[in-house]
Amino acid sequence: MICCCSNEVLTMSKRKRPDLKVPAPYMTEQEKILYNLIQSKQDLGIWSWDIKRETSLPDNVVDKSLKSLRSKLLIKEVVNVQFKGRKHYLASEFEPSSEITGGKWYNDQGFLETEFINFLKDQCLKHIRNLKIATVDTVANAVRRSRVLKIDCSSQEIGDIVRALVLDNDVIEMRSNGLGEFASVPTGRMCYKCRRSPDAMKEPRVGVMAWIPCGVCPRIARCMPGGTISPMTCEYYSKWLDF
Amino acid sequence: MSFRPSCDPLASSSSSNTWSPLVQRLEQEQEQRQRQQQPRGGGTMVPPSQYGIKYAVHIISSHFGDLVAKVCECLLRRGPLTHRNIVRFMEISASQVKNCLLVLIQQNCVQAFSVEHPGGDEDESRRSTEYMAVFDNIIHRMRFPKFVAVVSQELDKECVELFQGLLQHGRLTLEKMIDRAKSGQEDCPAQDATRETLSKLINARFVERCPDPEPHLSPPSEEEGRARKRTKFSKVAAEPQTIEERVLAAAAPMEAKRFLTIFHTTTEEDGQKTECSFPGVGEKRKCDALESDKELGSDGSQVLWRVNVQEFMHRFRHKACVENVRERLDGGAAVALNAMLETSRSMEKKVKTDNAGPLTINTIYEEVMKGEAGRAMTLDHLRASLVMLGCERGTDESYQIDLKNIIELAQNEEVESVVLKRYGREAYRIFRLLSKANRLIETDKISSTAFVDKTETSKILFRLWKDEFLHMEKVVVTGPRQTQFLLWKVNKSTLWPHVLDEMYHAALNLNLRVAYELEKENELLNLPIEKRSGPLEKRYNRLRTVRLLLESSLMKLDDAIMLFHDF
């Protein structure tokens, strides 16, 4: 699948399915043991260390057999998003579960598609601002009508992005009461509104505690008069009061 | 047995929810643990935290000296004590302890009370006097300039002067106030003026009668029995109070007496009698004076008056709500809320009122029109603002607003701001997710909902947990292979006191830094102005800027402390 945003092209992996009509190639006994184990794990797959532990086969036999199975296209190596350094194997006929891949927002290398996500966020924010009061469905329709994406993002995926905007505090989440500015939204439906105007500052208002050195200090628990860290000798204070 | 998180507790999909029974069980167990850990006696008054005590002691020390501060610290750390026990713990003379207690009582920082101790088999019960530190009143001392600012906005210069005298001396009788006004001279105009000024302050609820100097506290069993009788037919059981709450409640004057002012009996110019008439004009005037003096206590009955802190807390809470709404929504919503609060303030019995209203749209509109900002507001605009505020609407177009919710939102914003500055944007998103969800969520789910890389998510969660911003539960699933899952939650009942303690710590640090900066430049401050030139003048100006920054930061931080402690 290819998504177009601005002038850049982001690719998401193509996942092929093996041709099941081709007869299974010859396997040694050890290869059969390994293949059956890997196949039994279905879309979760298994880590090479776990293979060695469960089969109790010598390491070199396991490594050789895995290499052979891969060359025969019976198994494939996938990236486990939680443990990127590990060798994780799946039987070829299975697609890795979202627990392994990280889900739709992760690429084949196991990294978050940050650029694509940020692009979608900007698009959704723009549409919410235009709509004044929006639901997930109206935002999804607006994104589709704008045709900035070559692929179709489902309402659920757009909902994920909108909820991320709420977490960023760019958008407020409210339930419609059917009155006033919510008149066009059914009562009880969740809707969204931009938190601030486009001209306002990007960052949310800084709280009082966050504005003073102690509020952002990671060592406040160890700070005391006369101690190694103290308000009298504090570097953060000295910088703050450096006029 | 494998155990995979197959549900999405935050999505609206109808997928099967294998997590929720386990999570629900964990939450129930956690709530049970928290209930067991609550201090006996329940109550709503939370004992001061470590840095709360240090901050309070620092305030007393800077205002009254180290000895008084030590006695105060002893009471804050150990709870109510008799004079004898204070002497024993402090290892100073009895007379020194007595003098310190007198100062603290005079300044409303300590409340005495008598309590009966049941005797043994053959001994009679005995009564003793104990002394209790009033933590809130100590912290309020930092707010005196704010109180003065409110009074000076609403009343005249004479009221401000008298008010400042009450702040300085803690509590005064009318006689003392008159003496203070005219240096003890027998001057009728000064007496009348002072009486009138005091009446204005009382009528505005800025001043109140002092509490009972030594109320008697019945043994807990007697009071519980009385409470049980009172609530026999009530649906909600009376919540047991802490000893501090019981003492303050026992000491407080009756509401009818608390703001009892002079009784005016002015006659008409043509000599017609008023409701309260007296035999002759001269006698009448004398009787008036005696009557008023009796009420205000200048006949020697020693009625003491002090600043009514509760009134200021009310006003500051309202102001905080209005400012939060102005920043979060818009000016129109702020005007509407302000009008509702102004109208309903007199009906509020306590500072931490949950709701304002219900008030009809016309009542609110009348109040809106009184202010300059509201004069251009139409009724429809007001309705739209009330809807934006999330007001609950009644059938007769009356509106009620949840103030507790506004305060909670303000508190959330304050803590989220700290998380953003201290830990970064991704931590901010994660924290907001957990704060909004208000339940345990598994690491992977947090990662996918907040769009934070999985390995980064784990690092952030551990950092927040280590610094006590998050609560963590481990779930171990046994089967062919043991798997461990970590669940996370923002637990406001433990986090909010932690944040408040950090605020006290920060306030103490600001105070100490001011003192340090001034001490560092002590010689410069003692120099005559004409000798401060060139580099010295530059240093002096820098010191002035530093002091202004630190002290104004302290005042703003105090607003945040009120948000978490008093509102």
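In what follows, the accompanying structure is described. Model, not experiment: these values are computed from the prediction. (Residues numbered from 1 in each chain as written. Chains lettered and ligands numbered in written order. Predicted model: local features only at pLDDT ≥ 70, side-chain atom pairs only at ≥ 80, totals over all residues. Heavy atoms only, no water.)

Some words on the overall build of chain A
Applied cut-off: For the purposes of this entry, the term helix denotes a DSSP run of H or I that reaches at least four residues, the term strand denotes a run of E that reaches at least two, and both are numbered from the N terminus. Residues count as neighbours in contact if any of their non-hydrogen atoms are within 4.5 Å of one another. Accessible areas in this description were obtained via Shrake-Rupley with a 1.4 Å probe; residue shielding takes into account the shown protein chains only.
Looking only at helices and strands, chain A has ten helices and seven strands in total. Sequence-distant contacts in chain A: of pairs separated by 6 or more residues, those separated by 24 or more amount to 50%. Accessible surface for chain A amounts to roughly 13700 Å². Of this, 53% is attributable to carbon and sulfur atoms.

A closer look at the pattern of salt bridges
All names here are of chain B. What counts, and what does not: A pairing counts as a salt bridge when a side-chain nitrogen of Lys or Arg comes within 4 Å of a carboxyl oxygen of Asp or Glu.
For the structure shown, the criterion picks out 40 salt bridges over all chains. Two residues, Lys 146 and Asp 559, come together in a salt bridge whose shortest N-O distance is 2.7 Å. Within this pair, whereas Lys 146 is found in helix H7 (residues 144–154), its partner Asp 559 is found in helix H25 (residues 535–565), the two being separated by 413 residues in sequence.

Some details on the sheet that holds strand S3 (residues 46–47) of chain A
All names here are of chain A. Here is the rule: Two strands form a pair only when DSSP identifies at least two bridges running between them. Helix axes use the C-alpha atoms of the stretch in contact, all axes being lines fitted to C-alpha atoms, and the angles between their N-to-C directions lie in the range 0 to 180 degrees.
Strand order in the open sheet formed by three strands is S3-S5-S4, with antiparallel pairing between adjacent strands. Two strands lie at the open edges of the sheet, namely S3 and strand S4 (75–80), each paired on one side alone. The pairing of S3 with strand S5 (residues 83–91) spans two bridges and is antiparallel. Note that in S5 the partner of Trp 47 across the bridge is His 88. Sheet strands in contact with helix H1 (residues 29–40) are S3, S4 and S5, and its direction is about 100° off that of S5. In the packing of helix H3 (residues 59–71) onto the sheet, the strands contacted are S4 and S5, and the crossing angle to S4 comes to about 105°.

Considering the state of the cysteines
In protein chemistry, a disulfide is the covalent bond that joins the sulfur atoms of two cysteines. What counts is decided by this rule: Pairs of cysteine sulfur atoms within 2.5 Å are what we label disulfides.
Counted under the stated rule, the structure contains zero disulfides over all chains. Left without a disulfide partner, B:Cys210 is nearest to the cysteine sulfur of B:Cys109, which lies 12 Å away.

What to know about the side chain of B:Arg209
For clarity, the cut-off: In protein, a polar contact requires one atom able to donate a hydrogen and another able to accept it; more generally it is a pair of N or O atoms within 3.5 Å, and residues adjacent in sequence count only if both atoms are side-chain atoms.
Within the fold, B:Arg209 resides in strand S4 (residues 207–209). Within polar-contact distance, the side chain of B:Arg209 engages the backbone oxygen of B:Lys257 at 3.1 Å.

Some details on the nonpolar core
This is how the line gets drawn: Buried Ala, Val, Leu, Ile, Met, Phe, Trp, Tyr and Cys residues that are joined via side-chain atoms within 4.5 Å together make up what is termed a nonpolar core. Burial status follows relative accessibility: with a 1.4 Å probe on protein chains alone, a residue under 20% of its type maximum counts as buried, one over 50% as exposed, and anything between as partly exposed.
The biggest cluster of nonpolar side chains holds 147 residues, and the ones touching the most others in it are B:Tyr55, B:Phe147, B:Phe163, B:Leu337, B:Leu386 and B:Leu557. For this core, the element with the highest residue contribution is helix H23 (residues 492–520) of chain B, accounting for 13 residues. Those residues within four positions of B:Leu337 in sequence are excluded, and the remaining contacts are B:Cys321, B:Val322, B:Val325, B:Leu389, B:Ile401, B:Leu403 and B:Ile406. In terms of nonpolar packing, the next biggest core, distinct from the first, is built from 28 residues, A:Ala140, A:Val143, A:Ile158 and A:Tyr192 among them.

Notes on the packing of helix H2 (residues 48–55) of chain A against H3(A)
Residue and element names in this part refer to chain A. Quick reminder of the rule: By definition in this entry, angles of less than 35 degrees are roughly parallel, angles greater than 145 are roughly antiparallel, angles of 65 to 115 are roughly perpendicular, and the rest are oblique. Crossing chirality is assigned from the near helix's rotation relative to the far helix, an anticlockwise turn below a right angle marking it left-handed and a clockwise turn marking it right-handed. Note on residue categories: nonpolar means Ala, Val, Leu, Ile, Met, Phe, Trp, Tyr, Cys or Pro, charged means Asp, Glu, Lys or Arg, and polar means any other residue, Gly included.
Contact pair H2 / H3: the axes reach a minimum separation of 10 Å and the direction vectors enclose 125°. By the angle between their directions, the pair H2 and H3 is classed as oblique. Between H2 and H3 lies a crossing whose hand is right-handed. Touching Ile 51, Lys 52 and Thr 55 of H2 are Asp 59, Val 62, Asp 63 and Leu 66, all from H3. Taken together, the residues of the contact of H2 with H3 break down into three nonpolar, one polar and three charged.

A closer look at the sheet that holds strand S11 (residues 471–477) of chain B
The strands making up a sheet associate through hydrogen bonds between their backbones, and the pairing can be parallel or antiparallel. Residues and elements named next belong to chain B. The strand order across the open sheet built from three strands is S10-S12-S11, with neighbouring strands paired in antiparallel fashion. Each having just a single partner strand, strand S10 (441–442) and S11 make up the two edges of the open sheet. Of the strand pairs in this sheet, S11 and strand S12 (residues 483–489) are connected by seven bridges, and their pairing is antiparallel. Among the inter-strand pairings, Val 475 is bridged to a residue of S12, identified as Phe 485. Relative to the sheet, helix H22 (residues 454–466) contacts S11 and S12, its axis offset from that of S12 by approximately 60°.

Observations regarding the interface of chain B and chain A
Our working rule: Put simply, buried area is the surface a 1.4 Å probe can reach on two separate parts but cannot reach once they are joined, added for both.
Tallying the contact residues gives 51 residues for chain B and 58 residues for chain A. For the pairing of chain B and chain A, the buried interface totals around 5000 Å² over both sides, and the portion due to carbon and sulfur atoms is 60%. The interface formed by chain B and chain A includes three salt bridges. For A:Asp168, the salt bridge identified is with B:Arg429, shortest N-O distance 3.2 Å. Linking chain B with chain A are 17 residue pairs in polar contact (both at pLDDT 80 or more), by the criterion used here. No other element matches the ten residues that H23(B) contributes to the side of chain B that touches chain A. Of the residues belonging to the side of chain B that touches chain A, the class tally is 22 nonpolar, eight polar and 21 charged.

Brief notes about the side chain of B:Arg143
Residues and elements named next belong to chain B. Along the chain, Arg 143 falls in the loop between helix H6 (135–140) and H7. A polar contact is formed between the side chain of Arg 143 and the side chain of Asp 558, at a distance of 2.9 Å. Arg 143 has contacts with Met 313, Asp 558, Ile 561, Met 562 and Asp 566, leaving out every residue within four places of it along the chain.

Observations concerning helix H7 (residues 155–167) of chain A
At 3.6 residues per turn, the α-helix brings residues three or four places apart onto the same side. Quick reminder of the rule: Each residue after the first adds 1.5 Å to the expected span of a helix.
Between the first and last C-alpha of H7(A) there are 18 Å, a value that for 13 residues agrees with the 18 Å anticipated at 1.5 Å per step. Each element contacted by the buried residues of H7(A) is listed here: helix H5 (114–131), helix H6 (136–146), strand S6 (171–175) and strand S7 (190–194) of chain A together with helix H20 (425–437) and helix H21 (443–450) of chain B. At the C-terminal side of H7(A), A:Asn169 shows a positive phi close to 65°.

Some points on helix H16 (residues 331–344) of chain B
Residues and elements named next belong to chain B. For H16, which comprises 14 residues, the first-to-last C-alpha distance of 20 Å matches the rise-based estimate of 20 Å (1.5 Å per residue) to within 8%. Most of H16 sits out of view: ten of its 14 residues are buried. The elements touched by buried residues of H16 are helix H15 (309–328), strand S7 (355–360), helix H17 (361–370), helix H18 (379–388), strand S9 (398–402) and helix H19 (403–423). One side-chain oxygen of the residue at the start of H16 lies 3.1 Å from the amide nitrogen of Gly 332, identifying that residue as Asp 330.

Focus on unusual backbone geometry
Residue and element names in this part refer to chain B. The residue Arg 205 is not glycine, and still its phi comes out positive at about 70°. Within the fold, Arg 205 resides in the loop between helix H10 (188–203) and S4. Of the residues examined, Arg 205 reaches a relative accessible area of 35% and is grouped as partly exposed. Although it is not a glycine, Glu 397 adopts a positive phi angle of roughly 50°. Within the fold, Glu 397 resides in the loop between strand S8 (392–393) and S9.

Comments concerning the environment of A:Asn36
Relative to the helices and strands, A:Asn36 is located in helix H1. Between the C-alpha atoms of A:Asn36 and A:Ala91, which are 55 residues apart in sequence, the distance is 9.0 Å.

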